[in-house]
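Chain by chain, the residues:
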Amino acid sequence: CKGGRQVSTRSYIARQVGPDQYRTIFCHFDGYLEHVGAMLAGHYDTEEMVDKLLNVGDVDALYPQLYPDPDQPHDHWNKQQDVTVAYGRDYGEMESEATIKTMDELEQESGYIEFTYIFAEDKRWKFFHAGQSCEGLKDLKDTLDQMGIDYLPKEQTEEVAFEQTM
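Residues numbered from 1 in each chain as written. Predicted model: local features only at pLDDT ≥ 70, side-chain atom pairs only at ≥ 80, totals over all residues. Heavy atoms only, no water.

> Lay out the packing of aromatic side chains with the relevant residues and their values.
The tally for this structure, following the rule as stated, stands at five aromatic pairs. Plain terms: the ring middles of F115 and Y117 are 6.1 Å apart, the flat faces sit at 20° to each other, and that makes the pair stacked. Take F115: its relative accessible area is 10%, and that puts it in the buried class. A residue is classified by how much of its surface remains accessible, and Y117, at 0% relative accessible area, is buried. Ring plane angle 35° and centroid distance 6.3 Å describe the contact between Y117 and F127, whose orientation is recorded as tilted. Placement of Y117 in strand β6 (residues 115-119) and of F127 in strand β7 (residues 125-129) is noted, with a sequence separation of 10 residues between them. Both residues of the pair, Y117 and F127, count as buried. Put simply, the rings of F115, Y117 and F127 touch in pairs and so form one group of aromatic residues. (Phe/Tyr/Trp six-rings, centres within 6.5 Å; stacked < 30°, edge-to-face > 60°. Buried < 20%, exposed > 50% of the residue type's maximum accessible area, 1.4 Å probe, protein only. Helix = DSSP H or I, 4+ residues; strand = E, 2+ residues; numbered from the N terminus.)

See the structure below:
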């Protein structure tokens, strides 16, 4: 949402870790397919990157980079461009770590969660819109392709590529 305003489209981002267990974080802003969906498909599409994202805990806003430049300020008031804003790291909030949820829990809380994204056991992102998990999980990349939404990462500089490996 470069240069635009953020919209409070809340989402869950999860990784399936068992038959009905999902390691889950909350994302406050821009949870719609065109932003969080495209960001996950383009920048967080390996087990390693998904685990790094989940290790950051709940996020206010998801961007291509997980880690800020340590030599520059990065917090609620001084956000670095294209760097994910995490509640624990950047706001100092407690209890923002990833939690284990069941599918029922992911769906029950959909009163304020509009999208749930799950990195499934087949190592592909799936998603469902609130109230629609009973219709099955949809493949994220297939849906983005059908909608004509670009999700491939833009050319990354060496610095960005280095920060992604931290």
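> Give me unusual backbone geometry: which residues, what numbers.
Positive phi, normally seen in glycine, also occurs at D30, with a value near 60°. Along the chain, D30 turns up in the loop between β2 (21-27) and α1 (33-43).

> Outline the packing of α1 against helix α5 (residues 140-147), supporting the account with residue identities and numerical values.
Their axes nearest at 10 Å, the elements α1 and α5 cross at an angle of 125°. Judged by the inter-axis angle, α1 sits oblique to α5. For the pair α1 and α5, the crossing hand works out as left-handed. Taking contact as the criterion, the partners of L33, E34, G37, A38, L40 and A41 in α1 are, on α5, L140, K141, T143, L144 and M147. Looking at the contact of α1 with α5 residue by residue, the classes come out as seven nonpolar, two polar and two charged. (Axes fitted to C-alpha atoms, helices over the stretch in contact; angles between N-to-C directions. Parallel < 35°, antiparallel > 145°, perpendicular 65-115°, else oblique. Left-handed = near helix turned anticlockwise from the far one by under 90°. Contact = heavy atoms within 4.5 Å. Nonpolar A, V, L, I, M, F, W, Y, C, P; charged D, E, K, R; others polar.)

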